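Spelled out, the chains give:
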Amino acid sequence: MNIVVLISGNGSNLQAIIDACKEQKIKGTLRAVFSNKADAFGLERAREAGIPAHALTASEFANREAFDRELMREIDAYAPDVVVLAGYMRILSPAFVAHYEGRLLNIHPSLLPKYPGLHTHRQALENGDEEHGTSVHFVTDELDGGPVILQAKIPVFEGDSEDDITARVQAQEHAIYPLVVSWFVDGRLEMRENAAWLDGIKLSPQGHASDE
(Lines give C-alpha, C1' and ligand atoms only; values in the text may rest on other atoms or scores of the structure.)
Protein backbone atom coordinates (compact mmCIF):
# COMPACT_ATOMS: atom_id res chain seq x y z
CA MET A 1 0.00 0.00 0.00
CA ASN A 2 1.04 3.57 -0.69
CA ILE A 3 1.30 5.93 2.29
CA VAL A 4 1.40 9.75 2.14
CA VAL A 5 2.12 11.74 5.32
CA LEU A 6 1.17 15.37 6.03
CA ILE A 7 3.14 17.37 8.61
CA SER A 8 3.60 20.94 9.84
CA GLY A 9 6.60 20.75 12.11
CA ASN A 10 9.29 18.58 13.66
CA GLY A 11 7.93 15.32 12.30
CA SER A 12 8.73 12.99 15.20
CA ASN A 13 5.67 10.83 14.43
CA LEU A 14 6.73 10.86 10.77
CA GLN A 15 10.13 9.53 11.87
CA ALA A 16 8.43 6.73 13.81
CA ILE A 17 6.51 5.77 10.65
CA ILE A 18 9.64 5.98 8.46
CA ASP A 19 11.44 3.68 10.91
CA ALA A 20 8.52 1.23 11.06
CA CYS A 21 8.42 1.02 7.24
CA LYS A 22 12.17 0.42 7.15
CA GLU A 23 11.86 -2.35 9.74
CA GLN A 24 8.90 -3.88 7.83
CA LYS A 25 6.62 -3.35 10.81
CA ILE A 26 4.50 -1.39 8.32
CA LYS A 27 4.32 -3.41 5.12
CA GLY A 28 3.66 -0.37 2.94
CA THR A 29 5.66 2.25 1.08
CA LEU A 30 5.92 5.85 2.25
CA ARG A 31 5.58 7.59 -1.11
CA ALA A 32 5.71 11.27 -0.16
CA VAL A 33 5.61 13.81 2.65
CA PHE A 34 3.80 17.15 2.36
CA SER A 35 3.95 20.18 4.65
CA ASN A 36 2.20 23.54 4.83
CA LYS A 37 5.47 24.94 6.25
CA ALA A 38 8.51 25.08 3.97
CA ASP A 39 10.88 25.10 6.97
CA ALA A 40 9.31 22.10 8.75
CA PHE A 41 12.09 19.85 10.01
CA GLY A 42 9.97 16.84 9.06
CA LEU A 43 10.70 17.60 5.39
CA GLU A 44 14.40 17.15 6.16
CA ARG A 45 13.63 13.81 7.80
CA ALA A 46 11.84 12.73 4.62
CA ARG A 47 14.71 13.83 2.37
CA GLU A 48 17.23 12.00 4.53
CA ALA A 49 15.15 8.84 4.10
CA GLY A 50 14.98 9.34 0.31
CA ILE A 51 11.27 10.19 0.35
CA PRO A 52 9.91 12.98 -1.91
CA ALA A 53 9.23 16.05 0.26
CA HIS A 54 6.91 18.89 -0.77
CA ALA A 55 5.81 22.18 0.78
CA LEU A 56 2.72 24.22 -0.10
CA THR A 57 2.36 27.71 1.34
CA ALA A 58 -1.16 28.91 2.12
CA SER A 59 -0.36 32.52 1.21
CA GLU A 60 0.00 31.46 -2.44
CA PHE A 61 -3.67 30.43 -2.61
CA ALA A 62 -6.88 32.44 -2.58
CA ASN A 63 -8.55 30.36 0.15
CA ARG A 64 -8.53 27.05 2.02
CA GLU A 65 -10.48 25.31 -0.74
CA ALA A 66 -7.97 26.31 -3.42
CA PHE A 67 -5.06 25.21 -1.20
CA ASP A 68 -6.68 21.85 -0.51
CA ARG A 69 -7.53 21.31 -4.19
CA GLU A 70 -3.87 21.68 -5.14
CA LEU A 71 -2.79 19.54 -2.19
CA MET A 72 -5.20 16.78 -3.29
CA ARG A 73 -3.89 16.97 -6.84
CA GLU A 74 -0.29 16.59 -5.69
CA ILE A 75 -1.09 13.86 -3.16
CA ASP A 76 -3.07 11.88 -5.73
CA ALA A 77 -0.02 11.79 -8.03
CA TYR A 78 1.34 9.24 -5.51
CA ALA A 79 -1.86 7.10 -5.61
CA PRO A 80 -2.20 6.90 -1.80
CA ASP A 81 -4.09 4.08 -0.11
CA VAL A 82 -3.88 5.93 3.18
CA VAL A 83 -3.16 9.58 4.08
CA VAL A 84 -1.63 10.05 7.52
CA LEU A 85 -1.79 13.38 9.38
CA ALA A 86 1.23 13.58 11.68
CA GLY A 87 1.17 16.97 13.38
CA TYR A 88 -0.55 18.65 10.43
CA MET A 89 -1.88 21.91 11.86
CA ARG A 90 -4.30 23.10 9.20
CA ILE A 91 -8.04 22.53 9.40
CA LEU A 92 -9.04 20.50 6.34
CA SER A 93 -11.81 21.54 3.97
CA PRO A 94 -14.90 19.29 3.73
CA ALA A 95 -13.92 18.47 0.12
CA PHE A 96 -10.52 17.18 1.26
CA VAL A 97 -12.03 15.06 4.04
CA ALA A 98 -14.65 13.63 1.66
CA HIS A 99 -12.04 12.85 -1.00
CA TYR A 100 -10.02 10.64 1.38
CA GLU A 101 -12.94 9.36 3.46
CA GLY A 102 -12.12 6.10 5.18
CA ARG A 103 -8.40 6.38 4.47
CA LEU A 104 -7.49 9.52 6.41
CA LEU A 105 -5.86 9.04 9.83
CA ASN A 106 -4.90 11.57 12.50
CA ILE A 107 -3.22 11.51 15.90
CA HIS A 108 -4.40 13.96 18.54
CA PRO A 109 -2.67 14.60 21.90
CA SER A 110 -5.60 13.98 24.24
CA LEU A 111 -7.98 11.21 25.25
CA LEU A 112 -10.73 12.15 22.83
CA PRO A 113 -13.48 13.31 23.05
CA LYS A 114 -11.71 15.28 25.81
CA TYR A 115 -9.82 18.38 24.65
CA PRO A 116 -10.27 18.65 20.89
CA GLY A 117 -8.30 21.47 19.29
CA LEU A 118 -5.14 23.08 20.62
CA HIS A 119 -3.21 23.31 23.93
CA THR A 120 -4.37 19.93 25.21
CA HIS A 121 -1.48 19.43 27.64
CA ARG A 122 -2.05 22.84 29.18
CA GLN A 123 -5.74 22.07 29.65
CA ALA A 124 -4.96 18.73 31.31
CA LEU A 125 -2.61 20.51 33.76
CA GLU A 126 -5.00 23.39 34.46
CA ASN A 127 -7.86 20.98 35.16
CA GLY A 128 -5.78 18.84 37.51
CA ASP A 129 -6.21 15.68 35.43
CA GLU A 130 -4.50 12.61 36.85
CA GLU A 131 -4.26 10.99 33.43
CA HIS A 132 -3.88 12.30 29.92
CA GLY A 133 -2.91 10.69 26.65
CA THR A 134 -3.22 10.50 22.90
CA SER A 135 -5.74 9.17 20.37
CA VAL A 136 -5.44 7.86 16.82
CA HIS A 137 -8.67 8.34 14.90
CA PHE A 138 -10.24 8.42 11.47
CA VAL A 139 -10.81 11.96 10.20
CA THR A 140 -14.34 13.27 9.58
CA ASP A 141 -15.72 16.78 9.13
CA GLU A 142 -15.95 17.20 12.90
CA LEU A 143 -12.69 18.63 14.28
CA ASP A 144 -10.87 15.83 16.13
CA GLY A 145 -14.24 14.08 16.18
CA GLY A 146 -13.85 11.02 13.93
CA PRO A 147 -14.04 7.43 15.22
CA VAL A 148 -11.25 6.63 17.70
CA ILE A 149 -9.09 3.62 16.78
CA LEU A 150 -6.55 3.40 19.62
CA GLN A 151 -5.69 5.47 22.68
CA ALA A 152 -2.68 5.46 25.00
CA LYS A 153 -2.85 6.88 28.51
CA ILE A 154 -0.10 8.52 30.54
CA PRO A 155 -0.06 9.55 34.21
CA VAL A 156 0.09 13.22 35.14
CA PHE A 157 2.25 13.82 38.22
CA GLU A 158 2.23 16.73 40.61
CA GLY A 159 4.75 19.32 39.47
CA ASP A 160 4.65 18.22 35.81
CA SER A 161 5.32 20.89 33.20
CA GLU A 162 3.87 20.95 29.69
CA ASP A 163 7.26 19.73 28.46
CA ASP A 164 7.13 16.73 30.81
CA ILE A 165 3.69 15.76 29.53
CA THR A 166 4.66 16.37 25.90
CA ALA A 167 7.62 14.00 26.20
CA ARG A 168 5.52 11.32 27.89
CA VAL A 169 2.70 11.60 25.33
CA GLN A 170 5.07 11.58 22.35
CA ALA A 171 6.73 8.39 23.56
CA GLN A 172 3.30 6.73 23.42
CA GLU A 173 2.46 8.30 20.06
CA HIS A 174 5.61 6.88 18.49
CA ALA A 175 4.45 3.42 19.57
CA ILE A 176 0.75 3.49 18.69
CA TYR A 177 0.68 5.48 15.43
CA PRO A 178 2.88 3.10 13.41
CA LEU A 179 0.84 0.21 14.87
CA VAL A 180 -2.46 1.70 13.64
CA VAL A 181 -0.97 2.46 10.21
CA SER A 182 0.18 -1.17 10.01
CA TRP A 183 -3.35 -2.37 10.84
CA PHE A 184 -4.72 -0.27 7.97
CA VAL A 185 -2.03 -1.36 5.51
CA ASP A 186 -2.64 -5.02 6.43
CA GLY A 187 -6.34 -4.63 5.64
CA ARG A 188 -7.39 -5.20 9.26
CA LEU A 189 -8.77 -1.70 9.91
CA GLU A 190 -11.61 0.18 8.24
CA MET A 191 -14.15 2.90 8.87
CA ARG A 192 -17.81 2.14 8.24
CA GLU A 193 -21.11 3.30 9.74
CA ASN A 194 -19.09 6.17 11.26
CA ALA A 195 -17.19 3.70 13.45
CA ALA A 196 -13.76 2.09 13.43
CA TRP A 197 -13.68 -1.67 12.77
CA LEU A 198 -10.68 -3.91 13.51
CA ASP A 199 -10.63 -7.50 12.25
CA GLY A 200 -14.35 -7.23 11.48
CA ILE A 201 -15.24 -6.13 15.01
CA LYS A 202 -16.73 -2.71 15.71
CA LEU A 203 -14.56 -0.83 18.21
CA SER A 204 -15.93 1.03 21.22
CA PRO A 205 -15.99 4.86 21.24
CA GLN A 206 -12.62 4.74 23.07
CA GLY A 207 -11.17 2.53 20.34
CA HIS A 208 -9.34 -0.77 20.71
CA ALA A 209 -8.61 -1.73 24.32
CA SER A 210 -4.82 -1.56 24.28
CA ASP A 211 -4.42 -4.01 27.17
CA GLU A 212 -6.17 -6.82 25.29
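Placed above this text is the structure.
Residues numbered from 1 in each chain as written. Predicted model: local features only at pLDDT ≥ 70, side-chain atom pairs only at ≥ 80, totals over all residues. Heavy atoms only, no water.

A few points about the layout of surface pockets
As a volume, the largest pocket reaches approximately 1,000 Å³. What lines the largest pocket is a set of 40 residues, among which Gly 87, Tyr 88, Met 89, Ile 107 and Pro 109 lie closest to the centre. Of all elements in the fold, only α1 (12-22), α4 (94-99), β5 (104-108), α5 (120-126) and α6 (162-185) reach the threshold of two or more residues within the lining of the largest pocket. For the lining of the largest pocket, the leading source of residues is α6, giving 6 residues. Its residues assigned to classes, the lining of the largest pocket shows 15 nonpolar, 17 polar and 8 charged. What the second largest pocket holds in volume is close to 250 Å³. (1 Å grid on protein atoms, 1.4 Å probe; cavity = no way out; pocket = protein on both sides within 12 Å on 5 of 7 lines; lining within 4 Å. Points joined across faces, edges and corners; volume = space filled by probe spheres on them. Helix = DSSP H or I, 4+ residues; strand = E, 2+ residues; numbered from the N terminus. Nonpolar A, V, L, I, M, F, W, Y, C, P; charged D, E, K, R; others polar.)

Regarding the side chain of Ser 110
Tracing the backbone through its elements, the reader meets Ser 110 in the loop between β5 and α5. Taking the relative accessible area as the measure of exposure, Ser 110 reaches 0% and is therefore buried. At a separation of 2.5 Å, a polar atom in the side chain of Ser 110 contacts the main-chain carbonyl oxygen of Lys 114. (Buried < 20%, exposed > 50% of the residue type's maximum accessible area, 1.4 Å probe, protein only. Polar contact = N/O pair within 3.5 Å; in protein donor to acceptor, adjacent residues only side chain to side chain.)

Thoughts on the pattern of salt bridges
On inspection of all chains with the given rule, the structure shows 9 salt bridges. Here Glu 131 ties to Lys 153 by a salt bridge, and the two come within 3.7 Å at their closest N and O atoms. Note that Glu 131 is positioned in strand β6 (residues 131-138) and Lys 153 in strand β7 (residues 148-155), a separation of 22 residues in sequence. Judged by relative accessible area, Glu 131 falls into the partly exposed class, the value being 41%. On the basis of relative accessible area, Lys 153 is assigned to the exposed category, the value being 52%. Glu 190 is paired through a salt bridge with Arg 192; the nearest N and O atoms lie 2.9 Å apart. Here Arg 192 falls in the partly exposed class, since its relative accessible area comes to 31%. (Salt bridge = Lys/Arg side-chain N within 4 Å of Asp/Glu carboxyl O.)

Here we look at the side chain of Arg 90
Tracing the backbone through its elements, the reader meets Arg 90 in the loop between β4 (82-85) and α4. We note that Arg 90 is buried and unpaired, the nearest opposite charge coming from Asp 68 at a distance of 4.6 Å. Not counting residues within four places of it along the chain, the set of residues in contact with Arg 90 comprises Asn 36, Ala 58, Arg 64 and Phe 67. (Lys, Arg positive; Asp, Glu negative; His and termini not counted. Contact = heavy atoms within 4.5 Å.)

Re the packing of aromatic side chains
Per the stated rule, a full pass over the model turns up 3 aromatic pairs. A ring pair is formed by Phe 61 and Phe 67, whose centres lie 5.4 Å apart and whose planes are at 80 degrees; its orientation type is edge-to-face. Take Phe 67: its relative accessible area is 1%, and that puts it in the buried class. When the ring centre of Phe 67 is taken as reference, the NZ or CZ atom of Arg 90 above it lies at 4.0 Å. Residue placement shows Arg 192 over the ring face of Trp 197; its charged tip is 3.6 Å from the ring centre. (Phe/Tyr/Trp six-rings, centres within 6.5 Å; stacked < 30°, edge-to-face > 60°. Lys NZ or Arg CZ within 6 Å of the ring centre and 35° of its normal.)

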